[in-house]
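Understanding the architecture of this molecule
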There are 2 protein chains.
Amino acid sequence: MTEINDYFMEQAVNIAKMSNNDIPVGAVLVKNNEIIAKACNQKEKLQQATKHAEIIVIEEASKKFNNWRLEDCTLYVTLEPCPMCAWAILQARIKNIFFGSYDMLYGAFGSKINLCTLINSKTNIKGGILEEKCNNILDDYFKKMRKNDN
Amino acid sequence: MTEINDYFMEQAVNIAKMSNNDIPVGAVLVKNNEIIAKACNQKEKLQQATKHAEIIVIEEASKKFNNWRLEDCTLYVTLEPCPMCAWAILQARIKNIFFGSYDMLYGAFGSKINLCTLINSKTNIKGGILEEKCNNILDDYFKKMRKNDN
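Residues numbered from 1 in each chain as written. Chains lettered and ligands numbered in written order. Predicted model: local features only at pLDDT ≥ 70, side-chain atom pairs only at ≥ 80, totals over all residues. Heavy atoms only, no water.

Let's talk about the pattern of salt bridges
Taken as a whole and judged by the stated rule, the model has eight salt bridges over all chains. For Glu59(B), the salt bridge is made with Lys51(A), and the minimal N-O distance between the two is 3.1 Å. Here Glu59(B) is found in helix H3 (residues 53-65), whereas its partner Lys51(A) is found in the loop between helix H2 (43-46) and helix H3 (53-65) on a different chain. Here the two residues Glu59(B) and Lys51(A) agree in accessibility, since each one is buried. (Salt bridge = Lys/Arg side-chain N within 4 Å of Asp/Glu carboxyl O. Helix = DSSP H or I, 4+ residues; strand = E, 2+ residues; numbered from the N terminus. Buried < 20%, exposed > 50% of the residue type's maximum accessible area, 1.4 Å probe, protein only.)

Here is the structure:
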């Protein structure tokens, strides 16, 4: 399992790096070991507060299957989901969630709050997949932002 | 203020009644006393777990203004927002939120959890606007659902 998880998280990392002016977060949605949808955060690009990477892949997959239920899907995302995305993931009934970096400020799968406690959730959640790589993308972005501010 | 709030919540109630097979929730987004966007919950209709009434009006307004920041807007919604919608509302920086029914199961503006406590939020939130009317729409819907189940 570790190799497969690393492989798909690597894809999420690659997508995260494509988030031009947006905070670099990448997500990949997988079904039967096949990538169904992938996206980076596009809040600034699309000027939509809702367009985090996770929301985009959920919407793409539901459109593809014409079904809001994504029970058989596994989500890989480079950063622990915020409350908006975490609740969307739980609502879409995604069964397995793997994230990279922990978000101590807004992480809603355990780090700041745990939205799973609100429902009788059968969701499997594991953080820290390729954690260092995922942390590095964010660190590099914020370093660059601070440099531009000076 | 009460009259204005009742007026706009009445519009949200009217929209809620248009949610065919979906749980009837309506939302109206207002700027300078003018309705910018209105929508009902369309999760089943669009087969998208993300398409709650609040998300739809936020996305419509951001598209209209080409801006994810909706600071000067006021949201009227017939049911207390869930964690997904509450976080989207806070992310979009909507300043004033009025809701009708309290949601003791999933309400994320105080009834079950309060997501405002996660950020230094200047958002004004008030529940219980036209509460009885808003409760009635939901009660009628669930009564009808139970009747169809028998």
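Back to the text.
Quick notes on the relation of the copies chain A and chain B
Between the two copies of this chain, the relationship is a rotation about some axis together with a displacement along it. Turning chain A through 180° and shifting it by 0.0 Å along the axis lays it on chain B, with an RMSD of 0.0 Å. The symmetry that links the two subunits is that of a two-fold axis. Considering only C-alpha atoms, the residue of chain A closest to the rotation axis is Met84(A), which sits at 1.8 Å. When the interface residues of chain A are mapped onto chain B, 100% of them are again interface residues, pointing to one common binding face. (Least-squares fit on C-alpha atoms with pLDDT ≥ 70 in both. Contact = heavy atoms within 4.5 Å.)

A word on the nonpolar core
Residues Leu75(A), Ile94(A), Leu75(B) and Ile94(B) are the most contacted members of the largest nonpolar core, which totals 74 residues. Not counting residues up to four positions away in its chain, the partners in contact with Ile94(B) are Leu29(B), Ile58(B), Leu70(B), Cys73(B), Thr74(B), Leu75(B), Ile89(B) and Thr123(B). (Core = buried A, V, L, I, M, F, W, Y, C linked by side-chain atoms within 4.5 Å.)

A look at the sheet that holds strand S1 (residues 26-31) of chain B
The strands making up a sheet associate through hydrogen bonds between their backbones, and the pairing can be parallel or antiparallel. Residue and element names in this part refer to chain B. One open sheet holds the five strands; their spatial order is S2-S1-S3-S4-S5, and the pairing between them is mixed. For this open sheet the edge positions go to strand S2 (34-40) and strand S5 (124-126), each flanked by a neighbour on one side alone. The average angle at which neighbouring strand axes cross in this sheet is 15°, direction not considered. Pairing analysis gives five bridges linking strand S3 (residues 73-79) to strand S4 (residues 96-101), with the strands arranged parallel. Within S4, the position partnered with Val77 by the bridge is Phe99. (Pairing = 2+ DSSP bridges. Axes fitted to C-alpha atoms, helices over the stretch in contact; angles between N-to-C directions.)

Digging into the environment of Tyr106(A)
As for its position among the elements, Tyr106(A) is in the loop between strand S4 (96-101) and strand S5 (124-126). Residue class for Tyr106(A) comes out partly exposed when judged on its relative accessible area of 30%. Placed 24 residues apart in sequence, Tyr106(A) and Cys82(A) show a C-alpha to C-alpha distance of 5.5 Å. Ignoring any residue separated from it by four or fewer positions in sequence, one finds Tyr106(A) in contact with Pro81(A), Cys82(A), Pro83(A), Lys112(A), Trp87(B), Leu118(B) and Ile119(B).

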